[in-house]
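# Close look at the chain arrangement
Spelled out from the first residue to the last, the chains are:
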Amino acid sequence: MSEGAAKKEERRKFQAIKGTRDLLPPETALWNRVEQTAHEVFATYGYGEIRTPIFEQTELFARAVGGETDIVSKEMYSFEDYGTDEIPELLEQRTVLLTWQVPPLGTQVFEPFIIHSLNFCKLAASTFNARQIPGSPENQRALQDISAMVEKLKIVYSQGAEESAPVVAQIKERVREVKLGDELSLRPEATASVCRAYVEHGMQQLPQPVKLYCIGPMFRRERPQKGRYRQFHQIDAEVLEVVRREASEHDWEKEVRKDAAIDAEVIEMLMTFFAKLELAGTTLYIHSIGHNGPDCRRAYIGKLYNELLKIKGKLGADSQRRIATNPLRVLDSKLESEQSYIEKLPHMADYLCPSCAAHYASLKRELDLRGVKYDENWRLVRGLDYYMRTTFEITAKGLGSQNAVCGGGRYDGLVELLGGPPTKGIGFAIGEDRLILSLLESGKAPAQQGRDVYIAWMGERANATAIRAAKDLRKAGFSVELPPVEQKFGKALGQADKLGAKYALILGDNEVSSGDWTLKTLADGSQAKFKERDLLEHLRKQRALSS
Ligand code: AMP
């Protein structure tokens, strides 16, 4: 490879990681408009913005989202986080062990490995006790195993070196499994973090319900495709309300009506937001998946399971697997050949308990009252474990197979699952990337932001005047390009054109001496002279006329 080619290769090396992407202008102007609209619309419904960290304990997501879900079982970006200042020796011992190579036959000496292994166990035990590394049962077991294996290695080695290498491999394997720090994960969704923050900051003491929203990146190791990324962005909103006392027989109906009204208002806000953005072709699907009781969803799942077993042979491999792991997810299937069978399966609506049925009826009434149009979709089961009763999804145009632009639902009980007090919750997550894609597809692309004024200046005196003029114009809110060095007027005007400037302000020594500045309108090439004080007024008037 020539030197030039090698350099080129070297330069090409860095690219955005698969499933991530750069958001560039002018598209970022649309992102800002979307987020600004969210701030404005959500504020009118009394929501406050919350910003949580983008990583949390893995356990938080495992508990909230569900250990069996795809998200937690295979899509999270997880890592071990340890303070290198606290355990430098232990880290060093681990590196020595993991990089230790079995010496070639004939020169096999295992004493150093045995000594390092013993050191590792001793140091790990003392750092456990000092709580510098997690003293989890898994870690305790791993350490006991390593100690036992080292004893075995001593014996095997004393009988001849040949059999020792496999024991070394086993020890290394187990050492790798000792967690030297907290297990953390990049957040795959926001609800768990918001619930954690609600409890951590005692928000149950605030007037209830507490309405929060957050905007930011989420991370899931999914197969990238149009509308599906590994780093994507969500706009989330959550309504949380601590349960002060259990609803009595007498007032459960009132309670159900109140919850349904809250759900409906959340959905109304969402649809108002989409309408304000003029998002095209939205459809709101709603459903109730009941609650996790034997007289409600559990009864339905039992029935569904039995019916699925009857048609198992007609289903594809994915659905067959889901019959055992999560029968509800079979309803999600998009596989053409299964559809006619799935369509005949029983509906959750026929199995709702009286209070879930009342809640669902109330929700529909509340949506009608608010003029929110919806379609009922009995196959809408959301992927996350924590939902109950209301679930909803919104699709939009121009997104192909990944056409869900928002999903949400009620999750009473989630906060309690995370160690908080009994709390009701409902929320949604808008896929911002897909929202933007849909807006772009329907022709809402923002134009490249052109400059208002390009200052074409030449000469020492004109430089000082140009700097002052740029400052004054910018202060008045105009976008100004001030070339850092003087340019011939022809070149400057060409540059102004390329940047899409509306005007070129021409400042040469003549203009500075006479105080008559030349303003050229680039669209039609017309020119006019202005005194400095009149120029700003003229531009302001023009701006008002064109807006
Ligand atoms: P979920 O958190 O799975 O309920 O998803 C809520 C919304 O986030 C979906 O309706 C999508 O619009 C969006 N979303 C989820 N996963 C991705 C992804 N990998 N890439 C882009 N958007 C996503």
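In this text, all values refer to a predicted model and were calculated from it rather than measured experimentally.

## Topic: the overall build of the chain
Counting its secondary structure elements, the chain contains 20 helices and 16 strands. Whereas a compact globule of 547 residues would reach a radius of gyration of roughly 24 Å, the chain reaches 32 Å, over 25% beyond that. Principal-axis analysis of the C-alpha atoms places the extent of the chain at approximately 100 × 75 × 50 Å. Within the chain, buried positions represent 45% of all 547 residues.

## Digging into the sheet that holds strand β3 (residues 78-81)
Taken together, three strands build an open sheet; the order of strands is β2-β4-β3 and the sheet is antiparallel. Because the sheet does not close on itself, it has two edges, and the strands there are β2 (55-57) and β3. Between one strand axis and the next, the sheet turns by 40° as a mean value, whatever way the strands run. Relative to strand β4 (residues 182-186), β2 is paired through three bridges, and the arrangement is antiparallel. Considered in β4, the bridge of Phe55 is made with Leu186. Here helix α3 (residues 58-65) sits on the sheet in contact with β2, β3 and β4, set at roughly 80° to β2.

## Structural notes on a nonpolar patch on the surface
The grouping of Ile54, Phe55 and Phe79 at the surface amounts to a nonpolar patch, some 240 Å² of accessible area in total. Position of Phe55 among the secondary structure elements: in strand β2. The partly exposed category is assigned to Phe55, whose relative accessible area is 40%.

## So, the pattern of salt bridges
Under the criterion given, the structure shown has 35 salt bridges. As a salt-bridge pair, Arg174 and Glu177 come within 2.5 Å of each other at their nearest N and O atoms. Linking Arg174 with Glu177, this pair stays in helix α8 (residues 164-177), spanning three residues, or about one helical turn. Relative accessible area serves as the criterion here: at 17%, Arg174 is assigned to the buried category. Close ionic contact of Lys364 with Glu376 constitutes a salt bridge, the shortest N to O distance being 3.2 Å. Of this pair, Lys364 sits in helix α14 (residues 354-369) while Glu376 sits in strand β8 (residues 375-376), placing them twelve residues apart in sequence. For Glu376, a relative accessible area of 47% puts it in the partly exposed group.

## Describing the site of the ligand
In the vicinity of the ligand there are 15 residues, among which Arg220, Glu222, Tyr229, Arg382 and Ala404 approach most closely. Between the ligand and Arg220, the relevant distance is 2.8 Å, taken from an oxygen atom to a side-chain nitrogen or oxygen of the residue. Note that a nitrogen atom of the ligand is positioned 2.5 Å from one of the side-chain N or O atoms of Glu222. The fraction of the free accessible surface of the ligand (490 Å²) that becomes covered by protein chains is 91%. Counting only elements with at least two residues in the shell around the ligand, the list comes to β6 (231-242), β10 (404-410) and β11 (423-431). Of the residues that constitute the shell around the ligand, the class distribution is six nonpolar, four polar and five charged.

## Here we look at the packing of helix α17 (residues 460-475) against helix α20 (residues 532-546)
Axis separation between α17 and α20 bottoms out at 11 Å; the angle between their running directions is 35°. Here α17 runs over α20; the crossing is right-handed. Across the interface between the two elements, Arg468, Asp472 and Leu473 from α17 touch Glu532, Leu536 and Leu539 from α20. Split into classes, the residues belonging to the contact of α17 with α20 amount to three nonpolar, no polar and three charged.

## Remarks on the domain arrangement of the chain
When its domains are assigned, the chain resolves into domain 1 (27-73 + 186-291 + 352-441), domain 2 (83-180), domain 3 (297-348) and domain 4 (453-546). Look at where the C-alpha atoms of domain 1 and domain 2 centre, and you get two points 47 Å apart.

## Looking at the sheet that holds strand β5 (residues 210-219)
Ordered by their spatial adjacency, eight strands build an open sheet running β1-β5-β6-β11-β10-β9-β7-β8, and the pairing between neighbours is mixed. If you trace the sheet from one side to the other, it starts and ends with β1 (48-49) and β8, each paired once. Where strand β9 (residues 388-395) meets β10, six bridges bridge the pair, whose relative direction is antiparallel. Residue pairing for β10: Thr391 is matched across the bridge by Gly409. Running over the sheet, helix α2 (residues 27-44) touches β1, β5, β6 and β11 and is turned about 160° from β5. The sheet contacts of helix α16 (residues 432-441) involve β5, β6, β10 and β11, and relative to β11 the element is tilted by about 40°.

## What to know about the packing of aromatic side chains
The description of two aromatic rings rests on the distance between their centres and on the angle between their planes. This structure, assessed with the given rule, holds ten aromatic pairs. When the ring of Phe42 is compared with that of Tyr47, the centres are 6.2 Å apart and the planes differ by 45°; the resulting orientation is tilted. Accessibility assignment for this pair places Phe42 and Tyr47 in one class, buried. Cluster of aromatic residues (ring-pair linked, three or more members): Phe42, Tyr47, Tyr213, Phe273, Phe274 and Phe428. If you follow Arg543 out to its NZ or CZ, it ends over the ring of Phe478, 4.1 Å from the centre.

## Things to note about the environment of Tyr411
Note that Tyr411 resides in the loop between β10 and α15 (414-417). You can call Tyr411 buried: its relative accessible area is 1%. Residues contacting Tyr411, with those up to four places away along its chain left out, are Thr191, Cys195, Glu238, Val239, Leu240, Tyr386, Met388, Gly425, Ile426 and Gly427.

Criteria and cut-off values
Residues numbered from 1 in each chain as written. Predicted model: local features only at pLDDT ≥ 70, side-chain atom pairs only at ≥ 80, totals over all residues. Heavy atoms only, no water. Helix = DSSP H or I, 4+ residues; strand = E, 2+ residues; numbered from the N terminus. Rg over C-alpha atoms; globule rule 2.2 N^0.38 Å. Buried < 20%, exposed > 50% of the residue type's maximum accessible area, 1.4 Å probe, protein only. Pairing = 2+ DSSP bridges. Axes fitted to C-alpha atoms, helices over the stretch in contact; angles between N-to-C directions. Contact = heavy atoms within 4.5 Å. Patch = residues over 30% accessible without salt bridge, like charges linked within 9 Å, V, L, I, M, F, W, Y side chains within 5 Å. Areas by Shrake-Rupley, 256 points an atom, 1.4 Å probe, with all protein chains shown as cover. Salt bridge = Lys/Arg side-chain N within 4 Å of Asp/Glu carboxyl O. Near = heavy atom within 4 Å. Polar contact = N/O pair within 3.5 Å; in protein donor to acceptor, adjacent residues only side chain to side chain. Nonpolar A, V, L, I, M, F, W, Y, C, P; charged D, E, K, R; others polar. Left-handed = near helix turned anticlockwise from the far one by under 90°. Domains from an automatic or database assignment. Phe/Tyr/Trp six-rings, centres within 6.5 Å; stacked < 30°, edge-to-face > 60°. Lys NZ or Arg CZ within 6 Å of the ring centre and 35° of its normal.

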